[in-house]
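# Results of the structural survey
Chain by chain, the residues:
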Amino acid sequence: MNPLRLFIVSDSVGETGELVAKAAISQYLNPDQHAVLKRFPYIDSIGHIHEIIKLAASQKAFIVYTLVSKELRRYLVAETEKLQVPAVDLMGPLLDALEKELGTSPLEEAGLVRKLDDDYFKKVEAIEFAVKYDDGRDPRGILMADIVLVGISRTSKTPLSQYLAHKRLKVANVPLVPEVDPPEELFQVDPSKCFGLVISPEKLNNIRKERLIALGLNDDANYARIERIHDEITHFNKVVEKMGCEVVDVTNRAVEETANLILTKFKDKV
């Protein structure tokens, strides 16, 4: 028995058309028959379509197509009818129905699904990176990051890392403590992608006291004392000066506001 020949015609890679075609033909083929699928990706001209239809006619092939261009779809319909080549449009009817429902024309730009998928996976990768290299737990992330944040405790390093990760940027953040030497990687990385986060001692004093109370602890612990905070800020200033990185004041700034400021500065440097 002659094999069933299917031509998958697409203005992108043709994965959608091939998957749908395989799902459909699996309902009909028996052990004595098999199908031959041939993909024709990145079809963007009437000339290409004309050649494919002629080939399909000579090989008695069935055309399945996913084309976003109305012009290409109309030409394919007219030519396949003229040469009596069976063809099924997988994309057109839905595009036409959505155009009617939404009252707006489609972009007719091929490959947008793949672009959206790539964007999604880049975001997921960036979020996972931010979690893995949060709070200086692995200094190797400093050299791999798009952005490096440094600051003393309670300067919004973690929420900033997550916010920037949703912008598809890989962010590592490092806490600075006077008793602990900063990782050497901080002084090896390009300072243009590093940002020090500073806050007023008075504001930080209030934040830390509230944090201790929320944890059920005494708010006069050394962690929240103003003298301790001044020591930490002095240490912070020494480290960022050695790094040569830009400093951003997060006092009274929302996370979103600080993130947008960092994004603007980062893009100006890239």
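One can find the structure itself at the top, above this paragraph.
Keep in mind that this is a model prediction, so the values were computed, not measured. (Residues numbered from 1 in each chain as written. Predicted model: local features only at pLDDT ≥ 70, side-chain atom pairs only at ≥ 80, totals over all residues. Heavy atoms only, no water.)

## So, the packing of helix H8 (residues 201-214) against helix H9 (residues 226-243)
Packed helices, taken two at a time, are described by their axes: the angle between them and the distance between them. For the pair H8 and H9, interaxial distance at closest approach is 10 Å and the crossing angle is 120 degrees. Put simply, H8 runs oblique to H9. The handedness of the crossing between H8 and H9 comes out as right-handed. In this structure, H8 contributes Pro201, Glu202, Leu204, Asn205 and Arg208 to the contact, and H9 contributes Ile226, Ile229, His230, Glu232 and Ile233. (Axes fitted to C-alpha atoms, helices over the stretch in contact; angles between N-to-C directions. Helix = DSSP H or I, 4+ residues; strand = E, 2+ residues; numbered from the N terminus. Parallel < 35°, antiparallel > 145°, perpendicular 65-115°, else oblique. Left-handed = near helix turned anticlockwise from the far one by under 90°. Contact = heavy atoms within 4.5 Å.)

## A look at the sheet that holds strand E4 (residues 87-89)
Two orientations exist for strands paired in a sheet by backbone hydrogen bonds: parallel and antiparallel. Read from one edge to the other, the open sheet built from 4 strands follows the order E2-E1-E3-E4, with strand pairing classed as parallel. A single partner strand is all that each edge strand has here, and the edge strands are strand E2 (35-40) and E4. The average undirected angle you get between the axes of adjacent strands in this sheet is 20 degrees. Note: strand E3 (residues 62-66) against E4, 3 bridges, orientation parallel. Bridged to Val64 within E4 is Val88. Sitting on the sheet, helix H1 (residues 15-25) touches strand E1 (4-10), E2 and E3, and the angle it makes with E2 is about 165 degrees. In this fold helix H2 (residues 46-59) packs onto E1, E2 and E3, with an angle of close to 175 degrees to the strand it touches most, E1. (Pairing = 2+ DSSP bridges.)

## With respect to the sheet that holds strand E6 (residues 171-175)
The strand order E6-E5-E7-E8 describes an open sheet built from 4 strands, whose pairing is parallel. Both outer strands of the open sheet, E6 and strand E8 (246-249), are each paired with one neighbouring strand and no more. Across the sheet, the mean angle separating the axes of adjacent strands is 25 degrees when strand polarity is ignored. Pairing of strand E7 (residues 194-198) with E8, which is carried by 4 bridges, proceeds in the parallel orientation. Paired with Phe195 across the two strands is Glu246, which belongs to E8. Together, strand E5 (147-151), E6 and E7 form the strand contacts of helix H7 (residues 157-165), whose direction differs from that of E6 by roughly 175 degrees. On the sheet, H9 packs against E5, E7 and E8 and is oriented at approximately 160 degrees with respect to E7.

## Concerning the packing of aromatic side chains
Under the definition given, this model contains 3 aromatic pairs. Aromatic pair Tyr120 and Phe121: ring centres 5.3 Å apart, planes at 70 degrees, arrangement edge-to-face. Note that Arg208 overlies the ring of Tyr223, its terminal NZ or CZ placed 4.4 Å from the centroid. (Phe/Tyr/Trp six-rings, centres within 6.5 Å; stacked < 30°, edge-to-face > 60°. Lys NZ or Arg CZ within 6 Å of the ring centre and 35° of its normal.)

## Quick look at the pattern of salt bridges
In a structure, side chains of opposite charge can pair up when their charged atoms sit close to one another. All chains considered together, the criterion is met by 15 salt bridges. A salt bridge links Lys54 to Glu51; the nearest nitrogen and oxygen atoms lie 3.9 Å apart. One end of the pair, Lys54, and the other, Glu51, are both in helix H2, 3 residues apart, so they sit about a helical turn from each other. A residue is classified by how much of its surface remains accessible, and Glu51, at 46% relative accessible area, is partly exposed. In this structure, the salt-bridge partner of Arg73 is Asp96, at a minimum N-O distance of 3.3 Å. One end of the pair, Arg73, is in helix H3 (residues 70-83); the other, Asp96, is in helix H4 (residues 92-102), and 23 residues separate them in sequence. (Salt bridge = Lys/Arg side-chain N within 4 Å of Asp/Glu carboxyl O. Buried < 20%, exposed > 50% of the residue type's maximum accessible area, 1.4 Å probe, protein only.)

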